[in-house]
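Examination of the molecular architecture
Each chain, letter by letter, is given below.
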Amino acid sequence: MSGSTGRRITEKLSDDALRGATGRDWAGWFDVLDAWDATRRGHAEIAAFLGTEHRMGG
């Protein structure tokens, strides 16, 4: 992967930084995604859900 350091996004972006940018920390976003059953969906569908339902950009 080009540009990948091998670390997970949860290691690259702190809870505080994510909360500051989105109003939720990692646990909060994982709760949202789990409640929506995101593990059964593809990346594009998850991105669309976050964009339309939670007004999250790319």
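It should be noted that the structure appears before, not after, this text.
Right, let's walk through the structure included here.

So, on to the environment of G23. Residue position: G23 is located in the loop between α2 (15–22) and α3 (26–35). A relative accessible area of 57% means that G23 is categorised as exposed. Sequence-wise, G23 and A48 are 25 residues apart; in three dimensions their C-alpha atoms are separated by 19 Å.

Let us look at the pattern of salt bridges. Scanning all chains against the criterion turns up 4 salt bridges. Across the salt bridge formed by D16 and R19, the nearest N and O atoms sit 2.9 Å from each other. Of this pair, D16 and R19 both sit in helix α2, separated by 3 residues, roughly a single helical turn. Overall, the relative accessible area of 58% leaves D16 in the exposed class. For R40, the salt bridge goes to D37, with nearest N and O atoms at 3.1 Å. Among the charged side chains, a salt-bridge network with shared partners connects D16, R19 and D25.

Not every positive phi belongs to a glycine, and D37 is a case in point at roughly 65°. Take D37: it is sitting in the loop between α3 and α4 (43–53). Here D37 falls in the partly exposed class, since its relative accessible area comes to 32%. Positive phi, close to 50°, is recorded for R55, a residue that is not glycine.

Calculation notes
Residues numbered from 1 in each chain as written. Predicted model: local features only at pLDDT ≥ 70, side-chain atom pairs only at ≥ 80, totals over all residues. Heavy atoms only, no water. Helix = DSSP H or I, 4+ residues; strand = E, 2+ residues; numbered from the N terminus. Buried < 20%, exposed > 50% of the residue type's maximum accessible area, 1.4 Å probe, protein only. Salt bridge = Lys/Arg side-chain N within 4 Å of Asp/Glu carboxyl O.

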